[in-house]
Amino acid sequence: MADAIEPAGVKFNLEYAPALESTSIVKIDAEYGLFIGGKFVEPKSGETFATVSPSTEETLARISSASAADVDRAVKAARKAQTEIWGPMSGRDRAKYLFRIARQLQERAREFAVLETIDGGKPIRESRDVDVPLAAAHFFYHAGWADKLEYAFPDRRIAPKGVVGQIIPWNFPLLMLAWKVAPALATGNTVVLKPAETTSLTALLFAQLLQDIDLPPGVVNIVTGAGATGSALVEHKDVDKLAFTGSTSVGKQIQRSAAARGVPLTLELGGKAAHIVFEDAALDQAVEGVINGIYFNQGHVCCAGSRLLVQESIAESFVDRLKNRLATVRVGNPLDKNTDVGAINSAEQLGRITELVAAGVAEGAELYQPECSLPDRGYWFRPTIFTNVQQSHRIAREEIFGPVLSVLTFRTPEEAVAKANDTQYGLSAGIWTEKGSKILWMANELDAGVVWANTFNQFDAASPFGGYKESGFGREGGLQGLAPYVSLSSPKRGSR
Ligand code: NAD
């Protein structure tokens, strides 16, 4: 690309100078307790584990590992707060707390964004422009509902579920927290939340924020730890509702446990989203959407566009455009504001991506990776395009959760729908075409909870998000996202 614009004899330097975000705004403690009953407390287990920066491999802090006894303590604190304070509180007063949380998230946005990037490895541009503003927006949106629930559910008696157990993954730590905590609090529930073990730090900073705004003790409790802590929360006998975001395999285990005890559950699980690009699409715009949808977040998004279905007539030229664009993508220090692709979240996740990419090569797909130098330390993966992919290949079927795109082709809209739907998942899809009628027809035919048209990965707190098939059930956001957090019954006779 550089060659095309350079006059003879002149060599442009097209490299950007580093633009590092300062980390001085963030204070990371050496060790963190569990947040129970409004205070940080030592875990009864006495156990801690290290949280590591994925871009440098340095240990950032030690995090407490909550045992079943700690989870029990948290559930008891949540029960007391629910029955004595938060449940009886008027919606208007609950709304004031939610507004305070939202405003504090905005005021401390840079601190949260920098910490998210240090702990999780995602580019500062994404934490700053996506994660934190959307988290604040979620609290603002739900603050608005807290005193208007009778309009959300007209002619019904509305009661909170009670104590809610919530478990979240590592890809959007603060945003997933907001998606879970905001609707639960707006509807009068109290919460025990378990963040992912590799990304607990923004949840713990959020706990400090709750102390600062004087949220009554026990309304939100945060228990850190790995799968065993999550399992203790799922199995706890005094939890009235469970909400889980994470992998399909763990979601299935939780579903079995909740079903056996009749505990209401919502699940947001994996995905294998397809971009469907027609020959009449605005191709440069589509290239940008595809690149943005899979590489700018390291592919660490459940709804990432990890498959590209491109109409056969334009397949070759479209893939050429993609490769050209990919060659300009910047991989590296996530704290650099120029960085497009940050670090892979953990050594374990890097291992999973590497294994699946090796399987793609072994099954006969053609691999393309741009030349780019990767940092010496940390967990990195070169952005990858696979062409010559068959529907049966593992890279076309399994969630890779890394910066890897599998390209397939189609001839007719019917074939595109059949291929897009040929997956266990049903979370999201993207359609790229100039024809509105094709968009409407495709959106009806696709088994996907969210369908974007001529754009990708757009979120709004008022818009419900969730999946079909093995991508889970229940919705988060919008009116539909409030419903799982309330029990509805017929109104008393004589009342409206
Ligand atoms: P994961 O299922 O391994 O872990 C998710 C959470 O569950 C973590 O907090 C983990 O500690 C906990 N956990 C692990 N084992 C458990 C058990 N037996 N009982 C209870 N809790 C347990 O998933 P992950 O690797 O952290 O996250 C990536 C997955 O999350 C991907 O599959 C991705 O698609 C999915 N995801 C989905 C959405 C969505 O909205 N659908 C959003 C983000 C991520």
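These numbers come from a predicted model, not from an experiment.

**Student:** Explain the side chain of Arg 108 here, please?
**Tutor:** Here Arg 108 lies in the loop between α3 (91-107) and α4 (109-120). Judged by its relative accessible area of 17%, Arg 108 falls in the buried class. Only 3.1 Å separates the side chain of Arg 108 from the side chain of Glu 111, close enough to count as a polar contact. Those residues within four positions of Arg 108 in sequence are excluded, and the remaining contacts are Leu 205, Leu 209 and Asp 212.

**Student:** Looking at this structure, how should I read the environment of Phe 278?
**Tutor:** As for its position among the elements, Phe 278 is in the loop between β12 (274-277) and α11 (283-294). Separated by 135 residues in sequence, Phe 278 and Pro 413 place their C-alpha atoms 8.5 Å apart. Not counting the four nearest positions on each side in its chain, Phe 278 is found in contact with Leu 283, Gln 311, Ile 314, Phe 410, Pro 413, Ile 431, Trp 432, Thr 433, Lys 438 and Met 442.

**Student:** Would you mind going over the sheet that holds strand β4 (residues 48-52) with me for this structure?
**Tutor:** The strands making up a sheet associate through hydrogen bonds between their backbones, and the pairing can be parallel or antiparallel. Spatially, β1-β5-β4 is the arrangement adopted by the 3 strands of the open sheet, whose pairing is mixed. Looking at the sheet topology across the chains shown, the edges are occupied by β1 (31-32) and β4. Bridge count between β1 and strand β5 (residues 59-64): 2 bridges; the pairing is parallel. Across the sheet, residue Glu 31 finds its bridge partner in β5, namely Arg 62. Helix α8 (residues 201-212) contacts β1, β4 and β5 of the sheet and is inclined by roughly 65° relative to β5.

**Student:** What exactly am I supposed to notice about the environment of Lys 39 here?
**Tutor:** Secondary-structure assignment places Lys 39 in strand β3 (residues 39-41). For the pair formed by Lys 39 and Ala 207, sequence separation is 168 residues and the distance between their alpha carbons is 8.7 Å.

**Student:** Explain the packing of aromatic side chains to me, please; I cannot follow it from the model alone.
**Tutor:** In this description, an aromatic ring pair is defined by two values, namely the gap between the centres and the angle between the planes. Per the stated rule, a full pass over the model turns up 12 aromatic pairs. Ring geometry for Trp 452 versus Phe 459: centroids 5.8 Å apart, planes at 80°, classification edge-to-face. A residue is classified by how much of its surface remains accessible, and Trp 452, at 6% relative accessible area, is buried. An aromatic cluster of three or more residues is present, and its members are Trp 179, Trp 452, Phe 456, Phe 459 and Phe 465. Its guanidinium or amino end placed over the ring of Tyr 97, Arg 100 lies 5.0 Å from that ring's centre, counting from NZ or CZ. The ring of Tyr 468 is capped by Arg 475, whose NZ or CZ atom sits 5.4 Å from the centre of that ring.

**Student:** Quick question: what am I supposed to make of the nonpolar core here?
**Tutor:** Soluble globular proteins tend to bury their nonpolar side chains together. In this structure, Ile 101, Leu 105, Phe 139, Phe 206, Val 277 and Phe 318 are the most contacted members of the largest nonpolar core, which totals 98 residues. Both of domain 1 (31-269) and domain 2 (274-460) provide at least three residues apiece to this core. Among all residues touching Val 277, those that are not within four sequence positions of it are Leu 283, Ala 286, Leu 308, Leu 309, Val 310, Gln 311, Ile 314, Phe 318, Phe 410 and Trp 432. Counting residues in each nonpolar core, the second largest holds 29 residues, with Leu 350, Phe 386, Ile 400 and Met 442 among its members.

**Student:** Can you help me understand the site of the ligand in this one?
**Tutor:** For the ligand, the set of nearby residues contains 29 residues, the closest of which are Ile 168, Glu 197, Ser 247, Leu 269 and Glu 399. Contacts to the ligand include Trp 170, whose side-chain N or O atom sits 3.0 Å from an oxygen atom. Lys 194 places a polar side-chain atom, nitrogen or oxygen, 2.9 Å from an oxygen atom of the ligand. Out of a free accessible area of 850 Å², the ligand has 90% covered by protein chains. Secondary-structure elements contributing two or more residues to the shell around the ligand are α9 (227-235), β10 (241-245) and α10 (248-261). Each residue belonging to the shell around the ligand can be placed in one class, and the counts come to 16 nonpolar, 9 polar and 4 charged. Here the shell around the ligand spans two domains, and each of domain 1 (31-269) and domain 2 (274-460) adds at least three residues to it.

Rules and cut-offs
Residues numbered from 1 in each chain as written. Predicted model: local features only at pLDDT ≥ 70, side-chain atom pairs only at ≥ 80, totals over all residues. Heavy atoms only, no water. Helix = DSSP H or I, 4+ residues; strand = E, 2+ residues; numbered from the N terminus. Buried < 20%, exposed > 50% of the residue type's maximum accessible area, 1.4 Å probe, protein only. Polar contact = N/O pair within 3.5 Å; in protein donor to acceptor, adjacent residues only side chain to side chain. Contact = heavy atoms within 4.5 Å. Pairing = 2+ DSSP bridges. Axes fitted to C-alpha atoms, helices over the stretch in contact; angles between N-to-C directions. Phe/Tyr/Trp six-rings, centres within 6.5 Å; stacked < 30°, edge-to-face > 60°. Lys NZ or Arg CZ within 6 Å of the ring centre and 35° of its normal. Core = buried A, V, L, I, M, F, W, Y, C linked by side-chain atoms within 4.5 Å. Domains from an automatic or database assignment. Near = heavy atom within 4 Å. Areas by Shrake-Rupley, 256 points an atom, 1.4 Å probe, with all protein chains shown as cover. Nonpolar A, V, L, I, M, F, W, Y, C, P; charged D, E, K, R; others polar.

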